[in-house]
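Observations on chain architecture
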Amino acid sequence: MTQAPILDVRDLSVALLSSTGNLPIVEDLSFEIGPGEFFALVGESGSGKSVSCLALMGLLASHLQARGHAALCGRALVGDGADPRRARSGAAMIFQHATQSLNPVRSIGFQLMETLRTVRREARSTAKSSAIGLLAEVGLANPERLLAAYPHQLSGGMNQRVMIALALAVEPTLLIADEPTSSLDVTMQAQILDLLDKLRRDRGMAVLFVTHDLAVAAERADRIGVLYAGRLVELGDTQDVFSKPLHRYTAGLLASMPRFGAPETRLPALAGSVPLPGAWPSGCGFAPRCVAATDSCRAVHPAFRGEPSHRYACHHPVRQLA
Ligand SMILES: Nc1ncnc2c1ncn2[C@@H]1O[C@H](COP(=O)(O)OP(=O)(O)OP(=O)(O)O)[C@@H](O)[C@H]1O
Ligand SMILES: [Mg+2]
């Protein structure tokens, strides 16, 4: 990343509040996203991807609490002086199940125009033409007719496009996309990813893309952050992370990825599973599954180290940075 970041996340932590003590769910996340950048946050189920995004959007449930600091275009989202409602006006979020995220009893037109009238303070007639424009921009045919349709009348892919149109209504500088394609078939998945790429180029909008699909991250992302048990374990330019992984978890994930044209052999699988919050080991969270773990890994949590373009948290990296 060469330009100044638009999203700056420093030591973001999220805890589950309970009468018996607070349970950490996400710990000390630090990363940046540049203008117009496609940043992929990858990790297995339960690693804390969604909770981190919801913390940035100020949408955490009341029994979850965010600490640390995050700012979008210099305005605090989390931490001192945070006014998430004002700051997040530059950010929008789309979710995995678009059909469930839309209001089932309101037409597409109503939902879009309501957002445009509230956020952009547009008059009814202007909001209608803006809504048509947004539906066309996200590649939906017959946008005028679609205004009267309800979510249940549309396919999952069409509803995801409507969600993206709703997100664009706030003219975001950052779009947070939490597994927006994982409930779609492969063809539709590629179309939605192409659309996000096009919007990013046309509008200069940055994308924080959450996925557990490494192939998608490899193909689309400029930079990638790998999350494991609530912590970032590796962060860097996609090319560097994929060609020269440093953390043994990342290396294990990559080794278990099927490759086109590779000889047909059994792929190595990472033994074990991600520990749940509350069952995190002391020291490195990956140590119980790591072939290279030593006593120091089990005792001391590795600090994040490396270079700005490629950082990692591991006592015994796969290789030394050149
Ligand atoms: N509202 C909540 N209340 C209590 N615990 C929660 C809540 N939301 C998430 N968690 C817990 O926080 C951890 C991280 O959850 P999160 O949903 O962020 O994972 P994820 O990486 O998005 O996984 P997935 O790939 O399955 O979506 C999980 O152990 C989950 O059970
Ligand atoms: Mg999730």
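Here, every reference points to the structure presented above.
Report on the accompanying structure. (Residues numbered from 1 in each chain as written. Chains lettered and ligands numbered in written order. Predicted model: local features only at pLDDT ≥ 70, side-chain atom pairs only at ≥ 80, totals over all residues. Heavy atoms only, no water.)

1. Focus: the site of ligand 1
Close to ligand 1 lie 14 residues, the nearest being Ser-45, Gly-46, Lys-49, Ser-50 and His-63. Note that an oxygen atom of ligand 1 is positioned 2.5 Å from one of the side-chain N or O atoms of Ser-45. In the model, an oxygen atom of ligand 1 is placed 2.8 Å from a nitrogen or oxygen of the Gly-46 main chain. Burial of ligand 1 by the surrounding chains reaches 67%, relative to a free accessible area of 630 Å². Ranked by the residues each element gives to the shell around ligand 1, the list is headed by helix H1 (residues 49–57), at three residues. In the shell around ligand 1, the residues fall into five nonpolar, six polar and three charged. (Near = heavy atom within 4 Å. Polar contact = N/O pair within 3.5 Å; in protein donor to acceptor, adjacent residues only side chain to side chain. Areas by Shrake-Rupley, 256 points an atom, 1.4 Å probe, with all protein chains shown as cover. Helix = DSSP H or I, 4+ residues; strand = E, 2+ residues; numbered from the N terminus. Nonpolar A, V, L, I, M, F, W, Y, C, P; charged D, E, K, R; others polar.)

2. Considering the environment of Ser-183
Mapped onto the elements of the fold, Ser-183 is located in the loop between strand S7 (174–178) and helix H8 (186–203). Taking C-alpha positions, Ser-183 is 9.1 Å from Ala-98, a pair spaced 85 residues apart along the chain. If we skip the residues at most four places from it in the chain, Ser-183 touches Gln-96 and His-97. One polar contact links the side chain of Ser-183 to the main-chain carbonyl oxygen of Gln-96, over a distance of 3.3 Å. (Contact = heavy atoms within 4.5 Å.)

3. Thoughts on the environment of Leu-199
Its location among the elements puts Leu-199 in helix H8. Residue Leu-199 is classed as buried on the basis of its relative accessible area of 0%. It is 8.3 Å that separates the C-alpha atoms of Leu-199 and Val-138, two residues lying 61 residues apart in sequence. Those residues in contact with Leu-199, other than ones at most four positions away along the chain, are Glu-137, Ile-164, Leu-168, Gly-204 and Met-205. (Buried < 20%, exposed > 50% of the residue type's maximum accessible area, 1.4 Å probe, protein only.)

4. Some remarks on unusual backbone geometry
Comment: phi is negative for the bulk of residues other than glycine, and the bulk of peptide bonds are trans. Residues other than glycine seldom take positive phi values, yet Glu-171 does so here, at roughly 45°. Checked against the element boundaries, Glu-171 lands in the loop between helix H7 (156–168) and S7. Backbone geometry at Glu-179 places phi at a positive 45°, although glycine is not the residue there. On the secondary structure map, Glu-179 appears in the loop between S7 and H8.

5. A word on the sheet that holds strand S1 (residues 7–16)
In space, the four strands of this open sheet follow the order S2-S1-S4-S5, with antiparallel pairing throughout. At either margin of the open sheet sits one strand with a lone partner, and together these are strand S2 (23–33) and strand S5 (75–78). Within this sheet the neighbouring strands show an average axis-to-axis angle of 10°, counted without direction. One ladder, built from seven bridges, connects S1 with S2; its direction is antiparallel. From the neighbouring strand, Val-9 faces S2, where its bridge partner is Phe-31. (Pairing = 2+ DSSP bridges. Axes fitted to C-alpha atoms, helices over the stretch in contact; angles between N-to-C directions.)

6. Points about the packing of helix H5 (residues 124–137) against H7
H7 packs onto H5 with a crossing angle of 125° between their chain directions and a minimal axis gap of 9 Å. When the interaxial angle is binned, H5 and H7 end up oblique. By crossing handedness, the relation of H5 to H7 is classed as right-handed. Here Leu-134, Leu-135 and Glu-137 of H5 come into contact with H7, specifically with Val-162, Ala-165 and Leu-168. Of the residues in the contact of H5 with H7, the class split is five nonpolar, no polar and one charged. (Parallel < 35°, antiparallel > 145°, perpendicular 65-115°, else oblique. Left-handed = near helix turned anticlockwise from the far one by under 90°.)

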